[in-house]
Amino acid sequence: MDLSTLNKEQRQAVETLDGPLLILAGAGSGKTRALTYRIANLVDHGVSPWNILALTFTNKAAREMRERTEALLGGSVKDMWVATFHSCCTRILRSDIDKLGRDRNFVIYDDDDQTSLIAAIMKRLGVNDKDITKRQIKEHISEAKNKSTEPEKFLMDNPYLDESVLKVFREYQRSLKEYNALDFDDLLGKTLELFQSCPEVLQKYRSKFRYILVDEYQDTNVMQYHIVELLAREHGNICVVGDDDQSIYGWRGADIRNILDFEKDFPGAKVIRLEQNYRSTSNILDAANAVIENNQGRKSKKLWTDNGRGDRIETFTADSERDEAHFVCRKIMEGVRNGMNYGDFAVLYRMNAQSRIPETTMVNYGIP
């Protein structure tokens with residue numbers, strides 16, 4: 001394989017094939033490139049594709065990883081598992097959930113299915129929707145399943161929760177079993193239960209997955225951590241890629257300790273930092289570094305680039321959201337007068353409710 005297009009740190013990551021490896025990949029540092037080259041390099045060194053498990057968080061990322069790996073190898077790697085956590089667990093459960101006394105032809109409940117079931121249970125148990133909504137109960141159940149290997153105990157130990165949540169949870173779990181259904185969180189939970197209660201099943205997948213790679217490791221939750229740790233404990237060939245500075249999913253169960261404690265969990269782990277950024281200019285990176293270095297509980301890294309200084313960052317402190325919207329519109333109009341197109345601009349906001357005032361202000365400025 002031609003590794004000459006990789007920078008020094010990317011090449012180190014690609015050529016470190018055995019043992020635990022933590023790749024701390026800053027934003028725009030070419031982590032997907034490093035990951036795909038590493039997978040291809042494993043195959044190039046005689047590792048069978050079916051002995052490799054690569055886990056991502058979205059179907060798009062999994063598809064891109066597979067396509068790029070096949071392009072590097074010049075052939076199909078269809079036997080390799082490149083999948084999201086949930087699709088990987090679904091595949092395992094379709095094969096082995098019967099060891100837990102469940103039917104392998106289970107159905108998977110989506111968000112609407114869950115909400116409808118919870119609403120029916122609340123009605124049956126006489127839980128008033130004005131006291132606590134079905135959406136809130138669903139979120140509490142999901143949080144419990146994502147943050148604990150014992151969700152019922154998690155709910156019991158939370159003194160701030162209404163007792164009706166626990167009642168609904170118990171009936172919800174009973175109903176899922178009756179209907180031979182799993183929700184998305186159960187896909188992880190039942191896989192972990194399978195590994196913990198059936199050593200022969202765990203050993204089967206340990207023998208199969210000799211090399212494990214996990215993308216966006218900073219976003220993994222308790223369940224995902226335990227599944228990966230159990231699979232990798234015997235051979236120790238685990239490579240995780242992530243950036244603690246990009247951990248933003250704590251509100252949905254992601255546990256930052258998974259990446260911060262990786263070297264404790266896997267003694268002797270090698271750590272490689274991808275710090276060269278290919279996406280931004282120095283002014284942007286200097287500002288980002290100055291902000292993020294104030295965070296506590298992080299792995300030290302400093303992004304840099306060969307892309308030059310670039311334009312200086314401009315900030316504006318508005319008196320109100322309307323003042324802010326007028327500033328944005330003036331900047332757009334100034335750019336258009338100087339030969340730019342309206343399509344050259346993007347306006348980012350934090351939540352949908354904030355879009356109304358910029359939109360109505362643009363109408364007043366004649367901005368399409």
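You'll find the structure just up there.
Each value, and the rule that gives it
- Residues numbered from 1 in each chain as written.
- Predicted model: local features only at pLDDT ≥ 70, side-chain atom pairs only at ≥ 80, totals over all residues.
- Heavy atoms only, no water.
- Core = buried A, V, L, I, M, F, W, Y, C linked by side-chain atoms within 4.5 Å.
- Buried < 20%, exposed > 50% of the residue type's maximum accessible area, 1.4 Å probe, protein only.
- Helix = DSSP H or I, 4+ residues; strand = E, 2+ residues; numbered from the N terminus.
- Contact = heavy atoms within 4.5 Å.
- Salt bridge = Lys/Arg side-chain N within 4 Å of Asp/Glu carboxyl O.
- Axes fitted to C-alpha atoms, helices over the stretch in contact; angles between N-to-C directions.
- Parallel < 35°, antiparallel > 145°, perpendicular 65-115°, else oblique.
- Left-handed = near helix turned anticlockwise from the far one by under 90°.
- Nonpolar A, V, L, I, M, F, W, Y, C, P; charged D, E, K, R; others polar.
- Patch = residues over 30% accessible without salt bridge, like charges linked within 9 Å, V, L, I, M, F, W, Y side chains within 5 Å.
- Areas by Shrake-Rupley, 256 points an atom, 1.4 Å probe, with all protein chains shown as cover.
- Lys, Arg positive; Asp, Glu negative; His and termini not counted.
- Charge placed at Lys NZ, Arg CZ, Asp CG, Glu CD.
- Pairing = 2+ DSSP bridges.
- Polar contact = N/O pair within 3.5 Å; in protein donor to acceptor, adjacent residues only side chain to side chain.

*Asks:* Go over the nonpolar core, please, and point to the residues and values.
*Replies:* Counting residues in each nonpolar core, the largest one holds 40 residues, and the members touching the most others are Leu53, Phe195, Tyr205, Val214, Leu231 and Phe262. Considering every element that reaches this core, the biggest residue donor is helix α11 (residues 222-232), with seven residues. Every residue in contact with Leu231, bar those within four places of it in the chain, is listed here: Leu53, Phe195, Leu202, Tyr205, Arg206, Phe209 and Ile212. One finds Ala25, Ala62, Tyr211 and Ile272 within the second-largest nonpolar core, a separate group that totals 23 residues.

*Asks:* Describe the pattern of salt bridges, naming the residues involved and giving the relevant values.
*Replies:* The full count for this structure, using the stated rule, is 29 salt bridges. A salt bridge links Lys264 to Asp261, with the shortest nitrogen-to-oxygen separation between them at 3.8 Å. Of the residues examined, Lys264 reaches a relative accessible area of 65% and is grouped as exposed. Here the residues in one salt-bridge network are Asp243, Asp244, Asp245, Arg298 and Lys301, joined through shared partners.

*Asks:* Outline the packing of helix α2 (residues 31-44) against helix α3 (residues 59-73), listing residues and values.
*Replies:* Two elements in contact, α2 and α3, have axes whose closest approach is 9 Å; the angle formed by their N-to-C orientations is 50 degrees. Between α2 and α3, the angle is such that the two are oblique. Judged by the sense of rotation from one axis to the other, the crossing of α2 with α3 is right-handed. Of α3, the residues touching α2 (which contributes Thr32, Arg33, Leu35, Thr36, Tyr37, Ile39, Ala40 and Val43) are Glu64, Met65, Arg68, Thr69, Leu72 and Leu73. Each residue belonging to the contact of α2 with α3 can be placed in one class, and the counts come to eight nonpolar, three polar and three charged.

*Asks:* Run through a negative patch on the surface, naming residues and quoting values.
*Replies:* A surface patch of like charges, here negative, comprises Asp129, Asp131, Asp162 and Glu163. Structurally, Glu163 is set in helix α8 (residues 163-178). For Glu163, a relative accessible area of 59% corresponds to the exposed category.

*Asks:* Which residues make up the side chain of Ser280, and what values do they have?
*Replies:* Secondary-structure assignment places Ser280 in the loop between β8 (270-274) and α14 (282-292). Judged by its relative accessible area of 16%, Ser280 falls in the buried class. When near neighbours in sequence (up to four residues on either side) are disregarded, Ser280 contacts Leu285, Thr305 and Asn307.

*Asks:* So what about the sheet that holds strand β7 (residues 238-242)? Which residues, and what values?
*Replies:* Backbone hydrogen bonds are what pair the strands of a sheet, in a parallel or an antiparallel way. Pairing within the open sheet is parallel, and its six strands lie in the order β3-β2-β6-β7-β1-β8. Whereas interior strands pair on both sides, the edge strands pair on one side only; in this sheet they are β3 (81-84) and β8. The sheet shows a mean angle of 15 degrees between the axes of neighbouring strands, taken without regard to direction. Summarising the sheet, strand β2 (residues 52-56) and β3 pair through four bridges and their orientation is parallel. Note on β3: the bridge partner recorded for Leu53 is Trp81. On the sheet, helix α4 (residues 85-96) packs against β2, β3 and β6 (211-214) and is oriented at approximately 115 degrees with respect to β3. Each of β2, β6 and β7 is contacted by α11, which is oriented at about 160 degrees to β6, the strand it contacts most.

*Asks:* Requested: an account of the packing of helix α15 (residues 321-337) against helix α16 (residues 356-365), with residues and values cited.
*Replies:* Running from N to C, α15 and α16 point in directions that differ by 45 degrees, and their axes come no closer than 9 Å. As far as their axial angle goes, α16 and α15 are oblique. As α15 packs across α16, the resulting crossing turns out to be right-handed. Every residue of α16 that contacts α15 at Glu321, Arg322, Ala325, His326, Cys329, Arg330, Ile332 and Met333 is listed here: Ile357, Pro358, Thr361, Met362 and Tyr365. Grouping the constituent residues of the contact of α15 with α16 by class yields eight nonpolar, two polar and three charged.

*Asks:* Which residues make up the side chain of Asn146, and what values go with them?
*Replies:* By the secondary structure assignment, Asn146 is in helix α6 (residues 134-147). Relative accessible area serves as the criterion here: at 8%, Asn146 is assigned to the buried category. A distance of 3.2 Å separates the side chain of Asn146 from the side chain of Asp185, its partner in a polar contact. For Asn146, the contacting residues outside a window of four places in its chain are Asp185, Leu188, Asn221, Val222, Met223, Arg252 and Gly253.

Geometry only, nothing functional implied.
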